[in-house]
Amino acid sequence: MYNKEKVSFFFRFDSLKFTAIIMVIFIHIVCGKLYQIEDGKISYEWIISNVIDSFCRSCVPIFVMISGFFLLGKDEKITVFFKKRILKIVPKFLIYSVIFYLFTMIFKNHSFENSMLLKKSFYINFIKQLLNRKIYYHLWYVYMIISIYLITPVLRKFVFWDREKNFQNTKYLISIWIFFLIFIPFLNTFLKLNIKIYEQVGEYAGYFLLGYLIGNKKVTIFKNKKVSIILFFLFNIMIIYLTYIFTKKDGKLFEYFYDYHSIFVFLISIIIFEFAVNFETKKKKELNKKVFGLEKFIKIVSAMTFDVYLMHPIFVFFCEKHLINKINYGKYIIISFCCVFFLSLFISLFFYYIKKLLGRGVIWQ
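This text gives an overview of the structure that appears in the document. (Residues numbered from 1 in each chain as written. Predicted model: local features only at pLDDT ≥ 70, side-chain atom pairs only at ≥ 80, totals over all residues. Heavy atoms only, no water.)

1. Observations regarding the layout of surface pockets
Threshold: With a 1 Å grid spanning the protein atoms alone, the term cavity applies to any set of points in which a 1.4 Å probe fits but cannot get out, the term pocket to an open set with protein on both sides within 12 Å along at least five of seven lines, and the term lining residue to any residue with an atom within 4 Å of a point. Grid points are joined across faces, edges and corners, and a volume is the space filled by probe spheres set on the points. In this text, helices come from DSSP runs of H or I with a minimum length of four residues, and strands from runs of E with a minimum of two, each type numbered from the N-terminal end. Put simply, Ala, Val, Leu, Ile, Met, Phe, Trp, Tyr, Cys and Pro go in the nonpolar bin, Asp, Glu, Lys and Arg in the charged bin, and everything else, Gly too, in the polar bin.
Volume-wise, the largest pocket comes out at about 1,100 Å³. As for the largest pocket, its lining consists of 36 residues, of which K88, K92, A303, F306 and D307 are closest to the centre. For the lining of the largest pocket, the secondary structure elements donating two or more residues are α1 (2-34), α3 (59-72), α5 (86-108), α7 (140-162), α13 (294-303), α14 (305-322) and α15 (329-360). Tallied by class, residues from the lining of the largest pocket come to 23 nonpolar, four polar and nine charged.

So this is what it looks like as structure tokens:
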């Protein structure tokens, strides 16, 4: 019985990862339209994009909180941790950095020539872009998660030490993070202040710690589920409305409310994560998942989220290039999502099984 409950509990995190990667794909499909504002006029395509983007903005905080839940509670040697984590993502990151460096030159800039491979500047430029986080827009996430991994061993020691004090120091650390990363930017936006001391202070460490505390039920922020659902929709509506109002006023996209540290995204992320952790599934629903194979599919996608994340912008690019001006925008979003999601998943699985076969020596003897 305990094992069943444990499996059901961890499946909730698979569901969160599944939801978060879908959110990421939707954001990247619609984000281009959000910057297309002519003479301050808001089109219906912009409004659709604003609604979708607003509802999907909690994706990155959810990923970080999941990492916090799984990593901060473990007690292992630093060498083991880095071998399991850093060595797992860095090789893929470097491979995809090369892929997107070439992809940008060939398909976006149309500046690639065979002779470039022999030029020193080709490689120097790659290293410069890699160090300056300019290879491709989505790779910023890998830099961020690596920086969190680098401080994880220290945070682990801190959390273990703080258990005896009922995590009072951890909660204090989170409060400081909320003040500098959530509250001050909020004041800067509404009171037209220019306080800059919050920049680079911890960035996503607060989400990381919150994931551990909420996941282990050491802190509860939104206790009533019905209130949580109401607040979820209310905060999303606030993002949609305020982004629209400020964008119309400025004549260009006002991005603060989309920021992963904006006050509404912060609250929505906590609501979703807390709701998933505390949500009790009924037996009927669990039966339906098994009948339709949804549970297995969610687990597969969950296992492939990093690969799907790294790969999907290639398909977003081609969908935008070949579809966006040929069909209705609503249809374009649906078709693009299906193409991007399933192609990224299929190719990720293909490489995964090729790697497994190579590891077993099935392909090469």
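2. Observations concerning the packing of aromatic side chains
Let me state the cut-off plainly: Pairs were defined over the aromatic rings of Phe, Tyr and Trp, the Trp ring being its six-membered one, requiring ring centres within 6.5 Å. Orientation was assigned from the angle between planes: stacked under 30 degrees, edge-to-face over 60, tilted for the rest.
In total, this model carries 52 aromatic pairs according to the counting rule given. Between the aromatic rings of F10 and F69, the centroid separation amounts to 6.4 Å while the plane-to-plane angle is 50°, which identifies the pairing as tilted. On the criterion of sequence distance, the pair formed by F10 in helix α1 and F69 in helix α3 is long-range, its members being 59 residues apart. Centre to centre, the rings of F103 and F318 are 5.9 Å apart; their planes meet at 80°, and the pair counts as edge-to-face. Taken as a pair, F103 in helix α5 and F318 in helix α14 lie far apart in primary sequence, 215 residues in all.

3. Some thoughts on the packing of α5 against helix α6 (residues 120-131)
Filter applied, for reference: For helices, the fitted line uses only the C-alpha atoms of the stretch in contact; every axis is such a line through C-alpha atoms, and the angle between N-to-C directions lies from 0 to 180 degrees. When the near helix sits turned anticlockwise from the far one by under a right angle, the crossing is termed left-handed; a clockwise turn instead gives a right-handed crossing. By definition in these notes, contact holds between two residues if any of their heavy atoms fall within 4.5 Å.
Between α5 and α6, whose axes approach to 11 Å, the crossing angle comes to 120°. As for the relative orientation of α5 and α6, their crossing is right-handed in sense. When α5 is examined against α6, the residues F93, L94, S97, V98, Y101, L102 and M105 are found in contact with a partner set consisting of F122, N125, F126, Q129 and L130. In terms of residue class, the contact of α5 with α6 is made up of nine nonpolar, three polar and no charged.

4. Description of the side chain of D53
Rule in force here: Here a polar contact means two N or O atoms within 3.5 Å. Within protein one must be a hydrogen donor candidate and the other an acceptor candidate, and residues neighboring in sequence count only if both atoms are side-chain atoms.
With respect to the secondary-structure elements, D53 resides in helix α2 (residues 44-56). In terms of polar contacts, D53 uses its side chain to reach the side chain of R57, at 2.6 Å. In this structure D53 touches I27, V30, C31, L34 and Y258, once residues within four positions along its chain are discounted.

5. What to know about the environment of Y352
Tracing the sequence through the fold places Y352 in helix α15. Sequence-wise, Y352 and M304 are 48 residues apart; in three dimensions their C-alpha atoms are separated by 8.7 Å.

6. What to know about the packing of α3 against α7
Working note: a packed helix pair is described by the angle between its axes plus the distance between those axes. Where α3 contacts α7, the two axes come as close as 10 Å, and the packing angle between them is 35°. In the crossing of α3 with α7, the sense of the turn from one axis to the other is right-handed. Here α3 contributes V60, F63, V64, S67, L71 and L72 to the contact with α7, which in turn contributes W140, Y141, M144, I145, I148, Y149, T152, L155, R156, V159 and F160. Classifying every residue of the contact of α3 with α7 by side-chain character gives 14 nonpolar, two polar and one charged.

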